[in-house]
Structures are given as structure tokens and as C-alpha cells.
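# Structural characterization, general
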Amino acid sequence: MDKNANPLTVLFEVEVRDTTSVTEWVDVWGERALDALAGEPETTAYEALTSEAQERQVLVFERYARGQTSIDAHQQRPAHAQLQETMGARNMTRRRVMSSLFADVDGYGWWARPERNETLCVGDVRITFLVTRFPDEETKARYIQLTGDHARYCWDNEPDTLIYGGGLAVRDSDRGPGIREGDLLFVAAFADDAAAIKHRDDPVHVALQPKLAELNRERILAQSYLTSGKGFLWAGSRR
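Residues numbered from 1 in each chain as written. Predicted model: local features only at pLDDT ≥ 70, side-chain atom pairs only at ≥ 80, totals over all residues. Heavy atoms only, no water.

### Focus on helix 3 (residues 78-89)
The terminal C-alpha atoms of helix 3, which comprises 12 residues, lie 16 Å apart, in line with the 16 Å expected from a rise of 1.5 Å per residue. Turning to helix 3, its buried residues number three or more, namely His80, Leu83 and Met87. When helix 3 is viewed along its axis, its buried side chains cluster within an angular range of 60 degrees and face the same direction. Exposed and facing more than 90 degrees away from the buried side of helix 3 are Pro78, Glu85, Gly88 and Ala89. Looking at the buried side of helix 3, the elements it contacts are helix 1 (22-39), helix 2 (68-75) and strand 4 (93-110). The positive-phi residue at the C-terminal boundary of helix 3 is Asn91, with phi of around 55 degrees. (Helix = DSSP H or I, 4+ residues; strand = E, 2+ residues; numbered from the N terminus. Expected span 1.5 Å × (residues − 1). Buried < 20%, exposed > 50% of the residue type's maximum accessible area, 1.4 Å probe, protein only. Arc of directions from axis to C-beta. Contact = heavy atoms within 4.5 Å.)

### Thoughts on the pattern of salt bridges
Counting across every chain of the model gives 21 salt bridges. Linking Arg116 and Asp160 is a salt bridge whose minimum nitrogen-to-oxygen distance equals 2.7 Å. Linking Arg116 in the loop between strand 4 and strand 5 (123-133) with Asp160 in the loop between helix 4 (137-157) and strand 6 (161-169), this pair joins segments that are 44 residues apart in sequence. A relative accessible area of 17% places Arg116 in the buried class. Three or more residues are tied together by salt bridges with common partners; here these are Arg32, Asp35, Glu40 and Arg77. (Salt bridge = Lys/Arg side-chain N within 4 Å of Asp/Glu carboxyl O.)

### Some words on the pairing of strand 7 (residues 184-190)
The buried fraction of strand 7 amounts to 7 of the 7 residues, a majority that puts the element mostly inside the structure. On strand 7, burial covers both faces: Leu184, Phe186, Ala188 and Phe190 on one face and Leu185, Val187 and Ala189 on the other are all buried. In this sheet, strand 7 lies alongside strand 5 in antiparallel orientation, the contact comprising 7 bridges. Residue pairing in the sheet places Arg126 in a bridge with Phe190 of strand 7. (Pairing = 2+ DSSP bridges.)

### What to know about the packing of aromatic side chains
With the rule as written, the count across this model stands at 7 aromatic pairs. For Arg63, the ring lying beneath its charged end belongs to Trp111, and the centroid distance is 3.9 Å. We note Arg113 situated over the ring of Trp155; from NZ or CZ to the ring centre the distance is 4.2 Å. (Phe/Tyr/Trp six-rings, centres within 6.5 Å; stacked < 30°, edge-to-face > 60°. Lys NZ or Arg CZ within 6 Å of the ring centre and 35° of its normal.)

### Re the packing of helix 4 against helix 6 (residues 203-213)
At a minimum axis separation of 11 Å, helix 4 and helix 6 run at an interaxial angle of 175 degrees. Relative to helix 6, the element helix 4 is oriented roughly antiparallel. Listed contacts from helix 6 to Tyr143, Leu146, Thr147, His150 and Tyr153 of helix 4 are Val204, His205, Leu208, Lys211 and Leu212. Partitioned by chemical class, the residues of the contact of helix 4 with helix 6 number 6 nonpolar, 3 polar and 1 charged. (Axes fitted to C-alpha atoms, helices over the stretch in contact; angles between N-to-C directions. Parallel < 35°, antiparallel > 145°, perpendicular 65-115°, else oblique. Nonpolar A, V, L, I, M, F, W, Y, C, P; charged D, E, K, R; others polar.)

Next up, the structure:
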């Protein structure tokens, strides 16, 4: 994997300090998101997600078209320095919970539905993140094949499944759930709870589960979040 060539997904999670509300933290961050939407064509997703498991935590879901090159351009924007200065001066963040990078699996699923432009900045979209570890490359490849084939079915039959993508960790995580290089990230976003239930209960999805159950694997991360609506899940029609 070349983190400078492949599109990258970044999961950056923080815990908000008790003296700052999560809403306030997200509002300040939202100014940075507007700048990214307006001035960073290689930043293809940038949204703050609120945790359902930990009410003081916020996960920033980021995607970059040209990997580390795009991340560098993002971090060099004046608005990025301004965000860090503002949050630092106001002591808004208690700690960093997680920071992980994943390179896209070629041809696996999708990261945007261009026909759904209204989802650029919409709150309460449910997003699930799963990170899985496999004992060998053969098992991982079989899992990717099975779920990748199912992704094609979902694209055609589930218009409210907004994202269904995956990537491989490009390095060991220095904190958080212990993600290691090569672990598989799966991301699914649903327009609402009804869409998530439809996906779960679809007969084709149900029939897939016994095949996946035969594969030896370890679940490293399983978390669900809701979008804040202050950023964007994709940027097909930039404002």
C-alpha cells in the first residue's frame, strides 16, 4: 500500500473537555469544515460525528483523494492553524482518543452517491465503523471478495445506503483500540434507521452471514456514530 498514491480515510477521535460542550466544539470545528469544502478539492469528506457510546467524544471522518499529499495540503491551510489556535486558547479538547489511516481497497464498494447531493451537510446520518483482523492474507482476501460482491448488490438495491466502503490500515495506531497495519476497515452510512434495518434484514444480506461466519477473524473496533451536519460526507458539488 502506498499512502501517497491511494485515497486515504482518516479516523481522528477526541474527547471534549468538561468545560466545553460537544455542541460548542463541533460548531468551532465546523468553520474549518466550511473552509475545506470551499478550498480543498482533494479533501473529499470531512465530517464531525458524535459518539453514541461515549457522549463526550467526537470522531472526525476525513477522506483525501491523493493520500498524504492531500493531507499535507489540508494541514497547510491557514484555517487549519486558526482552528488549532482557537481550540488551544479555549482549552476545548481533553485528549486524542484515536488516530488511524486506511488506504482504499481498490474496487471495493463506494464512498459517495452523487445523486444524493443533499447529504453533503446533513445531521443524524448513521455511520458504522468496523475494523477486523485476519490470521492470514488468504482469509482476508476471501472476506473482501464476499463483502465486495455484496456491495455491488447494495449499490443497485439500497439507495439509502449512502456509503459502503473499505480500507486497509497503513500503520499501527499509536492509541485507541489497537489497530494494526493491514487491519480491514469497513464503513457503512445509512440515511436513517429504516435504511439500516432494511440493509440488515435484506434476504441477500442474511444469506451472506453463514459464509462470513466460516472465516476466522477478530473484531478490533465496532462503533456507531451520527453525523453533526457541520461538515460533508462527500463533495461532488462544491459550494
